[in-house]
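Chain by chain, the residues:
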Amino acid sequence: MTLEEMKRLKAEKGYTLAQLSEYSQVPLGTLQKIFTGETANPRYATRQAIEKALCGPEPSSPPQAEDSHVPVTYPLGQSDEESLPNCVQETAYYGEQEKRQGTYTLADYYSWPKEQRVELIDGTIYVLEAPGFVHQRIAGKILSRLDAYIEKKGGGCIPLLSPIDVRLDCDDRTMVQPDLIILCGKDKIKRWGIMGAPDFILEILSKTTRRKDCTKKLQKYSDAGVREYWILDPEKQMLLAYDFIHDDLPCIYPLRGTAGLAIYDGQLQIDLDEIAGLIQDWPE
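Values in this document were obtained by computation on a predicted structure and should not be read as measured data.

## Some thoughts on the overall build of the protein chain
Then comes step 1: Within the protein chain, the regular secondary structure consists of ten helices and twelve strands.
Then comes step 2: Entry remark: accessible area of the protein chain is about 14,600 Å², with carbon and sulfur atoms responsible for 50%.

## Considerations on helix H9 (residues 210–224)
Then comes step 1: For H9, built from 15 residues, the straight-helix expectation of 21 Å at 1.5 Å per residue is met to within 8% by its first-to-last C-alpha distance of 20 Å.
Then comes step 2: The sharpest bend along H9 reaches about 40° and sits at lysine 217.
Then comes step 3: With eleven of its 15 residues buried, H9 lies for the most part within the structure.
Then comes step 4: Those residues of H9 that sit buried are Arg210, Arg211, Lys212, Asp213, Cys214, Lys217, Leu218, Lys220, Tyr221, Ser222 and Ala224.
Then comes step 5: A positive backbone phi angle near 105° is found at glycine 225, which sits one or two residues after H9.

## What to know about the packing of helix H8 (residues 133–153) against helix H10 (residues 272–281)
Then comes step 1: Interaxial distance between H8 and H10 falls to 9 Å at its minimum, and their mutual angle equals 155°. By the angle between their axes, H8 is roughly antiparallel relative to H10. As H8 packs across H10, the resulting crossing turns out to be right-handed. Residues Val134, Arg137, Ile138, Lys141, Ile142 and Arg145 of H8 form the contact with H10, whose participating residues are Glu274, Ile275, Leu278 and Ile279.
Then comes step 2: Residues of the contact of H8 with H10, tallied by class, amount to six nonpolar, no polar and four charged.

## Quick look at the pairing of strand E1 (residues 118–121)
Then comes step 1: Where burial is concerned, the two faces of E1 agree: the one with Val118 and Leu120 and the one with Glu119 and Ile121 are both buried.
Then comes step 2: Judged from the four bridges that link them, E1 and strand E2 (residues 124–127) form a sheet pairing that is antiparallel. The residue bridging valine 118 from the neighbouring strand is valine 127, located in E2.
Then comes step 3: What sits between E1 and E2 in their antiparallel hairpin is a turn of two residues, with aspartate 122 showing a positive phi close to 50°.

## Some thoughts on the nonpolar core
Then comes step 1: Counting 30 residues, the largest nonpolar core has Ile138, Ile142, Ile182, Trp230, Leu261, Tyr264 and Ile270 as the members making the most contacts within it.
Then comes step 2: Of all elements in the fold, only H8, strand E5 (180–183), strand E7 (200–204), strand E8 (228–233), strand E9 (238–243) and H10 reach the threshold of two or more residues within this core.
Then comes step 3: If you tally residues by element for this core, the top one is H8, at eight residues.
Then comes step 4: Setting aside residues up to four positions removed in sequence, tyrosine 264 forms contacts with Tyr149, Ile150, Cys157 and Ile182.
Then comes step 5: Tyr126, Ile164, Leu218 and Val226 belong to the second-largest nonpolar core, a separate cluster that totals 22 residues.

## Points about the pattern of salt bridges
Then comes step 1: Under the criterion given, the structure shown has eleven salt bridges.
Then comes step 2: The shortest N-O distance in the salt bridge between lysine 217 and glutamate 119 comes to 2.6 Å. Residue lysine 217 is found in helix H9, and its partner glutamate 119 is found in strand E1; the two are separated by 98 residues along the sequence.
Then comes step 3: One salt-bridge network, held together by shared partners, links Glu119, Glu203, Lys212, Asp213 and Lys217.

Rules of the game
- Residues numbered from 1 in each chain as written.
- Predicted model: local features only at pLDDT ≥ 70, side-chain atom pairs only at ≥ 80, totals over all residues.
- Heavy atoms only, no water.
- Helix = DSSP H or I, 4+ residues; strand = E, 2+ residues; numbered from the N terminus.
- Areas by Shrake-Rupley, 256 points an atom, 1.4 Å probe, with all protein chains shown as cover.
- Expected span 1.5 Å × (residues − 1).
- Bend = angle between axes of the 7 residues up to and from the residue.
- Buried < 20%, exposed > 50% of the residue type's maximum accessible area, 1.4 Å probe, protein only.
- Axes fitted to C-alpha atoms, helices over the stretch in contact; angles between N-to-C directions.
- Parallel < 35°, antiparallel > 145°, perpendicular 65-115°, else oblique.
- Left-handed = near helix turned anticlockwise from the far one by under 90°.
- Contact = heavy atoms within 4.5 Å.
- Nonpolar A, V, L, I, M, F, W, Y, C, P; charged D, E, K, R; others polar.
- Pairing = 2+ DSSP bridges.
- Core = buried A, V, L, I, M, F, W, Y, C linked by side-chain atoms within 4.5 Å.
- Salt bridge = Lys/Arg side-chain N within 4 Å of Asp/Glu carboxyl O.

Purely geometric numbers; function is a separate question.
Below is the structure:
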C-alpha cells in the first residue's frame, strides 16, 4: 500500500493520527514521520499494522500487534543478573507519593523537586545518579569528535550532551535524558528541550542504568523513530551500535579500532582505542 492510498483510507474513515496510532499500536511519532513522508520506507511490520487498521473494521478496543517490532536486546550475563537488583526497584522512585509507579505523567515530571534529576518512562519515575568521572570523560570526548566533524562538513545537525529533556513523541508518560544526542531537525528544538526523536543517541552504561538502557530505552528509541542508537559499556569495554533504519541487529565492537556512525554513512569515525584508553587511565 502506497502512502497516498494510506492517506485516502485514513481520510475516508475520518481517523486522526492519534486514533490510527491507537488502532494500529504504531507509536504516534512513527505515524507522523510516515504520513509526512519523512520516513519513506517504514518497516514491514509497521506497514502491516497500519494497513490492517485502515482496511479492517474500526476496533472497539486497541488490538495487540501480531508482529510488533522488537530489536535484539543486549544480553545480561548471569553475573549481571545476580549483581543487579530488580530494575524498577533499583532505579525507580518509590518515595512517599500518593501515585503509583506507572501512573506518573509530564505534570508530575515538571513538578518533581528540582534538586533531584529524574527520567519518566511509561509512567515510571527513575531517579538518575550523578554520572561518574569516566562516564563524563567518554561523553565529552565523543562530543568533541562529533562537533569537529559536523562543523567541518557543515549541515544542520547539532550534537548535545545531557542533561536535556527529550520528549520522544506525544506520549505524556515519557520524558528521557539521553547521555548524548545528534539532532538534525531544528523544528524539534523547543524552549524546554527536544520534541521528537533525535537522529542519534548514545547511552553510556553504568550498573544502575544497564537494564534500562539495554531494554526499556532500546525499545522506546526504536519505536519513536530514532535512526541510530549506540550503547557503550565501559565495564565490558564493548560498543553496541543499532542502525534502526537498515537492521534490527546490533553491530558489536570491542573497544579497538574505529566505529562509524551510520547516519553519516560511516564517514564520521570514533576512535575506540581512545575511548578504551580513557577507561584504563581512570578506572572506577
